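Chains, contacts and geometry: an overview
Next come the chains, spelled out residue by residue.
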Amino acid sequence: MTTKLAVTNQKGGVGKTTVAINVAGALANRDHEVLLVDLDPQGYLTSGVGFDDAYTAEPPSLYDALLDPANHAVDELVVHHEEFDVLPANIDMFNLEQELVSSMRGRERLSMLLEDAEVYDYVVVDCPPSLGILTDNALLACRHVLIPAEAEDTSIRALDLLFKQIDTLEENYETRIQEIGLVVSNVDYPLDNEQKGMLEWFEDTFGERIPIVEVRSRAAIKRAFNNGVSIFAHDEDCDQTVALLELAADLEELPEETNV
């Protein structure tokens, strides 16, 4: 059974793409078959894992597949990375928001496309930094939400907006979209008062129902990204691999009924 995860937070600068790559790397490190999907038209993930050529490639691409999922298959679009398969973004995807908003089942195109992704144990979808129709596609297709955030007061407002959007989708599509983890990235010690207060707020708000993973700011993670890999394929030790592997283990323990 394939577990699908939407990595999303409409607030920019929270390490969303880095989290997506390293969570995918952690799952692959634990011997899972993983598909990493770049749903952001900016293609930051696609570039980050070394597939700049795919971002500007001629059709067919993820853009074409989301316009007409019935006539495209995932295995025809993926590119192979040393750790996981990647479904890259394409520059044409900047047109998708406008084209899908007036299309029949415009918010369900990713769901339709991923129907033939059963060969993977996990699908990890990196979302755009917005709450538009592409993020709605990811939320409805995955129905599991992994939330990257920073220990800043502005995170409260961003999370409130995300949860309101999830509530709207659940009501309109009669489905359940479950938060399954919070990754607090770029944490620096010693903590200032804002970071300390936010870490306490995260724990008080989410600690009893989902894992909270703290990933400290490390140059090795940035260097791994610059080399096109997760920290697990990077030739450099990093103490943050433990937290990421623990999160991967938590994801393996999701109740079967939530693996939709």
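The coordinates are above.
Residues numbered from 1 in each chain as written. Predicted model: local features only at pLDDT ≥ 70, side-chain atom pairs only at ≥ 80, totals over all residues. Heavy atoms only, no water.

Glancing now at the overall build of the chain. If you tally the helices and strands in the chain, you get 11 helices and 8 strands. On C-alpha atoms alone, the chain measures out to a radius of gyration of 17 Å, which is about the 18 Å that the 2.2 N^0.38 rule sets for 260 residues. Taking the principal axes of its C-alpha atoms as reference, the chain extends roughly 50 × 45 × 35 Å. Looking at the chain as a whole, 55% of its 260 residues are labelled buried. The long-range share in the chain, meaning contacts at least 24 apart out of those at least 6 apart in sequence, stands at 79%. (Helix = DSSP H or I, 4+ residues; strand = E, 2+ residues; numbered from the N terminus. Rg over C-alpha atoms; globule rule 2.2 N^0.38 Å. Buried < 20%, exposed > 50% of the residue type's maximum accessible area, 1.4 Å probe, protein only. Contact = heavy atoms within 4.5 Å.)

As a further point, take the pattern of salt bridges. Within this structure, the stated rule accounts for 11 salt bridges. The closest approach of N and O atoms between Glu252 and Arg30, which form a salt bridge, is 2.8 Å. On the criterion of sequence distance, the pair formed by Glu252 in helix H11 (residues 241-252) and Arg30 in the loop between helix H1 (16-29) and strand S2 (34-38) is long-range, its members being 222 residues apart. Measuring nitrogen to oxygen at the nearest pair gives 2.9 Å for the salt bridge that ties Glu179 to Arg209. Placement of Glu179 in strand S7 (residues 178-187) and of Arg209 in the loop between helix H9 (193-206) and strand S8 (212-216) is noted, with a sequence separation of 30 residues between them. Residue classification places Glu179 among the buried positions, given a relative accessible area of 15%. (Salt bridge = Lys/Arg side-chain N within 4 Å of Asp/Glu carboxyl O.)

Restricting attention to buried positions, one finds in helix H10 (residues 219-226) the residues Ala220, Ile221, Ala224 and Phe225. The buried residues of H10 occupy an angular sector of 140 degrees when projected down its axis, which confines them to one face. Looking at H10, the residues exposed on the side facing more than 90 degrees away from the buried face are Lys222 and Asn226. Against the buried residues of H10 lie H1, helix H2 (44-48) and S8. Gly228 occupies a position one or two residues after H10 and carries a positive phi of about 80 degrees. (Arc of directions from axis to C-beta.)

The strand order S3-S4-S2-S5-S1-S6-S7-S8 describes an open sheet built from 8 strands, whose pairing is mixed. Looking at the sheet topology across the chains shown, the edges are occupied by strand S3 (79-80) and S8. Strand contacts of helix H7 (residues 133-142): strand S1 (3-7), strand S5 (122-126) and strand S6 (144-149), with the helix running at about 150 degrees to S1, the strand carrying the most contacts. Together, S1, S5, S6, S7 and S8 form the strand contacts of H11, whose direction differs from that of S8 by roughly 155 degrees. (Pairing = 2+ DSSP bridges. Axes fitted to C-alpha atoms, helices over the stretch in contact; angles between N-to-C directions.)

Applying the stated rule across the entire model yields 4 aromatic pairs. Arranged with centres 5.1 Å apart and planes meeting at 40 degrees, the rings of Tyr44 and Phe225 form a pair that is tilted. One end of the pair, Tyr44, is in helix H2; the other, Phe225, is in helix H10, with 181 residues separating them in the sequence. By relative accessible area, Tyr44 is classed as partly exposed at 47%. (Phe/Tyr/Trp six-rings, centres within 6.5 Å; stacked < 30°, edge-to-face > 60°.)

Moving on: the nonpolar core. In this structure, Leu35, Leu39, Leu110, Val125 and Phe202 are the most contacted members of the largest nonpolar core, which totals 50 residues. It is H7 that provides the largest number of residues to this core, a total of 7 residues. Once residues within four sequence positions are removed from consideration, Leu35 is found in contact with Val74, Val78, Asp85, Val86, Leu87, Leu114, Tyr120, Tyr122, Val123 and Val124. (Core = buried A, V, L, I, M, F, W, Y, C linked by side-chain atoms within 4.5 Å.)

For the rest of this paragraph, the subject is the state of the cysteines. Cysteine pairs can be covalently joined through their sulfur atoms, and such a bond is termed a disulfide. Under the defined criterion, the tally for this structure stands at 0 disulfides. Distance from the sulfur of Cys142, which forms no disulfide, to the nearest cysteine sulfur (Cys127) is 6.8 Å. The exposure class of Cys142 is buried, given its relative accessible area of 0%. (Disulfide = S-S within 2.5 Å.)

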